[in-house]
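Structural overview for review
Take a look at the letters that make up each chain.
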Amino acid sequence: MLDEILVKVQDISKRGARSLVVFDLDSTLFDVSPRLEKILLDFAANPFHQLQFPDQVALLKNIKTLRSDWGIKGALQRAGLDGHHADFQEAIRAYWEKNFFSNHYLQFDVPYEGAVEFVNNIAQAGAEIAYLTGRDVDRMGGSSAEIISQWGFPLNDKAQLVLKPHRSMEDAQFKTDWFLEARSDNYEKIFFFENEPVNLAHLAQNCPDIEMIFFESTHAGKAEPPVNIPRIMNFLLSRKAF
Ligand SMILES: [Mg+2]
């Protein structure tokens, strides 16, 4: 699948035409479960929380997140924190929301296997790149570009970061609108890697010509994963690219 996309991009470039390859960030290029884990551990390390919620914090201290975690619910349940203590649940949810959707913990994200190499291979093959994310400018715009570069993902005049202008915008509509605009820019082919079924379904309705690839990691559970498009779990090529 990935090898085929790379070959297609190379062919398009050879003919002097343009291609665009678009990547979602959270849970597509980046595994965000280390970010989540660090936030929960920092909540537990806070002396104020230790005083306020001693029993819960004791259980939190050894918490481990999984690739499949979306939000905090699953990790808390596995730690034995199943939602009975309303004050604690409210406090940790607020703490998670404030920190997860911020610049302060993005450095704990880790790219999925092969992601950095694949995006670089795609760029070298001549495609333009966009990182199209539901992260918004205000809360997460400060560090996103820096961390993309730090990991070695291309970021330049042919590889751009597209953040949501305002947090109130709905991800699916924001992304579809961006594609509708990009589509008028005479690309021969546009590819989109995304983990969120809601975004893929919305885009499929509006831009069926875009080649979508479902990245199977975790998602909000608001829609079923698409059955009619290819799915991948990492970005490893089956052969060496160059
Ligand atoms: Mg995502």
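Owing to the predicted nature of the structure, the values given are computational and were not obtained by experimental measurement.

What counts and what doesn't
- Residues numbered from 1 in each chain as written.
- Predicted model: local features only at pLDDT ≥ 70, side-chain atom pairs only at ≥ 80, totals over all residues.
- Helix = DSSP H or I, 4+ residues; strand = E, 2+ residues; numbered from the N terminus.
- Rg over C-alpha atoms; globule rule 2.2 N^0.38 Å.
- Buried ≥ 20, exposed ≤ 12 C-beta atoms within 10 Å, placed from the backbone.
- Contact = placed C-beta atoms within 7 Å.
- Domains from an automatic or database assignment.
- Nonpolar A, V, L, I, M, F, W, Y, C, P; charged D, E, K, R; others polar.

Tallying secondary structure elements over the protein chain gives 10 helices and 8 strands in all. Taking 2.2 N^0.38 as the reference for a compact globule, 242 residues should give roughly 18 Å; the C-alpha atoms of the protein chain span a radius of gyration of 19 Å, in line with that estimate. With the C-alpha coordinates of the protein chain rotated into their principal frame, the extents come out at 65 × 35 × 35 Å. A total of 242 residues make up the protein chain; the buried ones form 36% of that total. If you take every contact in the protein chain between residues at least 6 apart in sequence, the share linking residues at least 24 apart comes to 72%.

The next thing to look at is the domain arrangement of the protein chain. We note that the domain assignment places domain 1 (2-31 + 109-232) and domain 2 (33-106) within the protein chain. Measuring from the centre of the C-alpha atoms in domain 1 to the corresponding centre in domain 2 gives 29 Å. With 14 residues of domain 1 at the contact, the number on the domain 2 side is 11 residues. A breakdown of the residues in the side of domain 1 that touches domain 2 according to their chemical character gives 4 nonpolar, 7 polar and 3 charged.

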